[in-house]
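The chain contents come next:
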Protein chains: 2
Amino acid sequence: MELRILAKEISKYEDKTVKLEGWVKKNRDQKEFGFIEFNDGTAFNPIQVVYDKQLDNFTEVSKLNVYSSIIVEGKLVKSIGSGQNYEIKANKIEVLNKTPLEYPLQNKRHSFEYLRTISHLRPRTNTFNAVFRVRSILAYALHKFFQEKGFIYVHTPIITGTDAEGAGEMFQITTLDFMNKNKKLDYKDDFFAKPAFLTVTGQLHVESFNSAFRNTYTFGPTFRAENSNTTKHAAEFWMLEPEIAFANLEVNMDIIEEMIKYVIKYVYDNAKDEMDFFDKFIEKGLHDKLNNILDNGFARVTYTEAIKLLQESKNKFEIDVEWGMDLKTEHERYLAEQIFKRPVFVTDYPKDIKAFYMKLNDDNKTVRAVDLLAPGIGEIVGGSQREEDYDKLMKVINEKGLNYAEYEWYLDLRKYGSVPHSGFGLGFERILMYITGIPNIRDVIPFARTTRQLEY
Amino acid sequence: MELRILAKEISKYEDKTVKLEGWVKKNRDQKEFGFIEFNDGTAFNPIQVVYDKQLDNFTEVSKLNVYSSIIVEGKLVKSIGSGQNYEIKANKIEVLNKTPLEYPLQNKRHSFEYLRTISHLRPRTNTFNAVFRVRSILAYALHKFFQEKGFIYVHTPIITGTDAEGAGEMFQITTLDFMNKNKKLDYKDDFFAKPAFLTVTGQLHVESFNSAFRNTYTFGPTFRAENSNTTKHAAEFWMLEPEIAFANLEVNMDIIEEMIKYVIKYVYDNAKDEMDFFDKFIEKGLHDKLNNILDNGFARVTYTEAIKLLQESKNKFEIDVEWGMDLKTEHERYLAEQIFKRPVFVTDYPKDIKAFYMKLNDDNKTVRAVDLLAPGIGEIVGGSQREEDYDKLMKVINEKGLNYAEYEWYLDLRKYGSVPHSGFGLGFERILMYITGIPNIRDVIPFARTTRQLEY
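Residues numbered from 1 in each chain as written. Chains lettered and ligands numbered in written order. Predicted model: local features only at pLDDT ≥ 70, side-chain atom pairs only at ≥ 80, totals over all residues. Heavy atoms only, no water.

Trainee: Any chance you could explain the overall build of chain A here in plain terms?
Mentor: Scanning chain A for helices and strands turns up twelve helices and 17 strands. Referenced to the eigenvectors of the C-alpha coordinate spread, the extents of chain A come out at roughly 85 × 65 × 45 Å. Classification of the 456 residues of chain A by burial places 60% in the buried group. Here chain A contributes 62 positive and 68 negative side-chain charges, whose respective centroids are spaced 4 Å apart. (Helix = DSSP H or I, 4+ residues; strand = E, 2+ residues; numbered from the N terminus. Buried < 20%, exposed > 50% of the residue type's maximum accessible area, 1.4 Å probe, protein only. Lys, Arg positive; Asp, Glu negative; His and termini not counted. Charge placed at Lys NZ, Arg CZ, Asp CG, Glu CD.)

Trainee: Please explain the interface of chain B and chain A as it appears in this structure.
Mentor: For interface size, the figure often reported is the accessible area lost on association. Opposite the 108 residues of chain B that make contact, chain A presents 109 residues. For the pair chain B and chain A, the summed buried area comes to about 9300 Å², and 64% of that belongs to carbon and sulfur atoms. By the criterion of area lost to chain A, the three top residues of chain B are H155, F191 and Y416 of chain B, representing 9% of everything that side buries. Our count for the contact surface shared by chain B and chain A stands at four salt bridges. For the pair chain B and chain A, the interface holds 49 residue pairs in polar contact (both at pLDDT 80 or more). Taken together, the residues that form the side of chain B that touches chain A break down as 54 nonpolar, 30 polar and 24 charged. (Contact = heavy atoms within 4.5 Å. Buried area = accessible area lost by both parts, 1.4 Å probe. Salt bridge = Lys/Arg side-chain N within 4 Å of Asp/Glu carboxyl O. Polar contact = N/O pair within 3.5 Å; in protein donor to acceptor, adjacent residues only side chain to side chain. Nonpolar A, V, L, I, M, F, W, Y, C, P; charged D, E, K, R; others polar.)

Trainee: What should I look at first to understand helix α7 (residues 286–295) of chain A in this one?
Mentor: Residues that lie three or four places apart on an α-helix share one face, since the helix turns once every 3.6 residues. Residue and element names in this part refer to chain A. Among the residues of α7, L286, H287, K289, L290 and I293 are the ones counted as buried. Each buried residue of α7 lies within a common arc of 165° when the element is viewed along its axis, so the set occupies one face. Exposed positions of α7 whose direction lies more than 90 degrees from the buried face are D288 and D295. Each element contacted by the buried residues of α7 is listed here: α5 (249–270), α6 (272–282) and α12 (428–436). (Arc of directions from axis to C-beta.)

Trainee: What am I meant to see in the environment of K415 of chain B here?
Mentor: Mapped onto the elements, K415 of chain B comes out in helix α11 (residues 404–415). The exposure class assigned to K415 of chain B is partly exposed, which follows from its relative accessible area of 26%. Counting along the chain gives 62 residues from K415 of chain B to I353 of chain B, while the straight-line C-alpha distance between them is 26 Å. Apart from residues no more than four positions distant in its own chain, K415 of chain B is found in contact with N97, K98, T99, P100 and E102 of chain A together with Y390 of chain B.

Trainee: Would you mind showing me how to read the sheet that holds strand β15 (residues 366–374) of chain B here?
Mentor: Backbone-to-backbone hydrogen bonds join strands into a sheet, with any given pair of strands oriented parallel or antiparallel. Residue and element names in this part refer to chain B. An order of β7-β11-β12-β17-β16-β15-β14-β13 is seen for the eight strands of this open sheet, with the pairing classed as mixed. Each edge of the sheet is formed by a strand with only one pairing partner; in this case those strands are β7 (152–153) and β13 (299–302). In this sheet, strand β14 (residues 344–350) lies alongside β13 in parallel orientation, the contact comprising four bridges. Counterpart to T302 in the pairing with β14 is T347. Sitting on the sheet, helix α3 (residues 126–148) is in contact with β7, β11 (215–223), β12 (236–245) and β17 (421–427), with an inclination near 155° to β11. (Pairing = 2+ DSSP bridges. Axes fitted to C-alpha atoms, helices over the stretch in contact; angles between N-to-C directions.)

Trainee: So what exactly am I meant to see when it comes to the packing of helix α10 (residues 390–399) of chain A against helix α11 (residues 404–415) of chain A here?
Mentor: All names here are of chain A. Contact pair α10 / α11: the axes reach a minimum separation of 10 Å and the direction vectors enclose 165°. Compared by their axis directions, α10 and α11 come out roughly antiparallel. Here α10 runs over α11; the crossing is right-handed. Packed against α10, whose contacting residues are Y390, L393, M394 and I397, the element α11 presents Y404, Y407, Y410, L411, R414 and K415 at the interface. (Parallel < 35°, antiparallel > 145°, perpendicular 65-115°, else oblique. Left-handed = near helix turned anticlockwise from the far one by under 90°.)

Trainee: Help me understand the sheet that holds strand β9 (residues 172–174) of chain B, please; the structure alone is not making it clear to me.
Mentor: Across the sheet, six strands lie side by side as β8(A)-β10(A)-β9(A)-β9(B)-β10(B)-β8(B); this open sheet has antiparallel pairing. A strand with exactly one partner marks an edge of an open sheet, and here the two such strands are β8 (159–160) of chain A together with β8 (159–160) of chain B. Bridge analysis of β8 of chain B against strand β10 (residues 196–198) of chain B gives two bridges, and the strand direction is antiparallel. Across the sheet, the residue bridging to I159 of chain B is L198 of chain B, located in β10 of chain B.

Trainee: What should I look at first to understand the packing of helix α7 (residues 286–295) of chain B against helix α12 (residues 428–436) of chain B in this one?
Mentor: Residues and elements named next belong to chain B. Put simply, α7 and α12 touch, their axes get as near as 9 Å, and they point 120° apart. Classified by the angle their axes make, α7 and α12 are oblique. Of α12, the residues touching α7 (which contributes L286, K289, L290 and I293) are Y434, I435 and T436.

Trainee: Please explain unusual backbone geometry as it appears in this structure.
Mentor: Working note: non-glycine residues mostly have negative phi, and peptide bonds are mostly trans. Despite not being glycine, D15 of chain A shows a phi value in the positive range, around 70°. Here D15 of chain A is to be found in the loop between β1 (3–4) and β2 (17–29).

Trainee: Before we go on, may I ask you to explain the relation of the copies chain B and chain A in this structure?
Mentor: A rotation about an axis combined with a shift along that same axis relates the two copies of the chain. Taken as rigid bodies, chain B and chain A are interconverted by a rotation of 180° and an axial shift of 0.0 Å, the fit giving an RMSD of 0.0 Å. Expressed as an axis order, the relation between the two copies is that of a two-fold axis. Among all residues of chain B, the one whose C-alpha sits closest to the rotation axis is I173 of chain B, at a distance of 2.2 Å. Residue by residue, 100% of the interface of chain B is reproduced at the interface of chain A, so both copies engage with the same surface. (Least-squares fit on C-alpha atoms with pLDDT ≥ 70 in both.)

Trainee: Honestly, the pairing of strand β14 (residues 344–350) of chain A in this entry has me stumped. Any pointers?
Mentor: Each regular strand displays side chains that alternate between the two surfaces of the sheet. Residues and elements named next belong to chain A. With seven of seven residues buried, β14 lies mostly within the body of the structure. In the sheet, β14 pairs with strand β15 (residues 366–374) via six bridges, with the strands oriented antiparallel. Bridging across to β15, Y349 finds its partner in V367.

Trainee: Sorry if this is basic, but what is going on with the pairing of strand β3 (residues 33–39) of chain B here?
Mentor: Residue and element names in this part refer to chain B. With five of its seven residues buried, β3 lies for the most part within the structure. Pairing of β3 with strand β4 (residues 47–52) involves six bridges; the strand directions are antiparallel. Among the inter-strand pairings, G34 is bridged to a residue of β4, identified as Y51.

Pasting the structure below:
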């Protein structure tokens, strides 16, 4: 009987007769014999299948179009010439499904733009196969990192009544038949009997668990109804938000640095072939860029010092540098690439450009915020120590004109058992783009949702 | 210098002087000395802190109300009398935050109903601390199980244009200002320029990755705008949906059984104290119920045989048993509890009561569906082998009156490289309720969303 095996484990079965189920990636037929590049989806690199006229169905096999599904039986041997690869000398090829010639993914170069129009098929290409395997591995690496540290994973709600960032740009959700002109619209008839929205962050919610479990994180989809058509914005994206009790901003930075190094290493350990592919075809120098991160401690500088360094650099920026401004990508990248030549934490930003929940410094002008800026991309993580003092937090809520009633429950956390705590947000697609070198967010999300784009 | 440690690791520090940060769970003051039940959120069971008049701030400490936050320094010793527990002889207690007396979670029994009104504080109670720690561990166990098998985790989209179950009851999402009567509503002005909904399942989307990676799963929030006010329904819940290529229904069942046993065992290995608490206070006999699952192979029976067994049982059911019906919970539980006395897979249901994508059997009457029924709950997993034949699938889509255009991309998967494949859906809250014994879904979701209920 043949051994039914997976492509990822072939090296264990040299000189054995094996059976594999999968797909034809290429088929070259040379009259008396032929070669199939075969894969079953469990490994990145294909296996060569050699077949000849001894097959009962040689003619059928030799005509198989790309992505036909087959079952191959044969002897697994080391491939002569091509080094480490294996090939199968087929003694039987069963055809499950013959893909017709109109298959939209024939073997030729396709633009990423075109492939976006067939999101349901593009994971079959080398690039997207590598991207989405790394996406899976990276997501798991983040879980593994925090679980092994004893952090509690909290599924913060997707549907919310709170505008946590106070920034607007939220999607509303409803069961009202609002397009029906004959109906009178009344929130009393809506599912939740009030306006409801898709969450923009899980941070406020996770903080309430933080004060019960000490260390927590949330990791799930978040939404922005932002009408910007850029390579960095999607309406639906995943965000990781850890929250650490009894931690100041220094501890926060330590964990961010440890986490980033951990997940890069984990991806290399589990997707070497894919990372080599990215380095070769997507971003030349990717290995060097990531090794630089693994090998160096991240720099730390205050916002005020960073402003000074940028001003002293005499570099011509599109937007002039002055204290009080929000750093633009050009400034962030200059800091990481030219001044520090490695990732740099910038801390203590002006309070006016940061969120209401960040801890006020004694100078009354800056807050204990931190952004991690990385070479080649700019901001990759944003976080802060949180304001744990009830009165100070209440004051900011009033100053920023936020609706107190919406935050009453959040303020309870400062009234009852408040402790110093810190946390951060990691845009999952952002770090995935950084690790794979893929420049457009639409190409790292299985089915990307952007302005006026909702297919499938 | 004191060792700063976590409650979960105290057994390593016997007779050492340690420092812990956390909260007062109880405080009994006896004039000359006092006892604090202390926890820092990293362990389920509290640590006893003994303090006396040698503390500078004895009076302040002796008046601390429940859930005040403190830093304790002192010697960690084995507690005399109370067996395995430890206590700290405090030589210093720093008070971070004094919780005022109006704190809504004083030490007395609170009803689950009341605690739902303070979802942001209830994780501090024993019950909810245990529930949400197990929720985190269980979620991770599912990831671990599938990752270690090489399954690819796919973030299927939350926002969708497809009604995958063809069942309606979806939430619509929009950026139109529909309550504004002065505005003319036009989908051209909506964010996606067309109607958009919250997903009810990721299955169809994950299938497209299945034909690139062989083994895949999705695990994320799903939504039903179902107007039912029961203990089992929530508008927002998490679902795990694996999809396995080159797998028939038998392989599907093997994986379901292996997965369920794996995660129960993982929870016991990582939350023993919490599981003991549930067995003692939430569901007496929980350990026995779960051990029965671990120790026995699951039974397998066809729907047709199951109907016969139920009819032959002569049991009085509220709803009479006849072929063609959808089994109700009373029938499901009778099968698992009375007839098989263990979990049972029921397979090959009538096609009319199952979804369009399930594989038709040769009898033309039944489909290769499977439900796993467990003692004490009924259905816990639902799955099927999928129809891989393009023509047959097209026929059902027409028969069921579904909109072909919406499923064109899904049909592509049958046109190009179709293979036999199977998958299933596990309601995450359902198995969490089963493992913890918690009877109401509102009590296993951090912030539950149900009809007319949207707080925080």
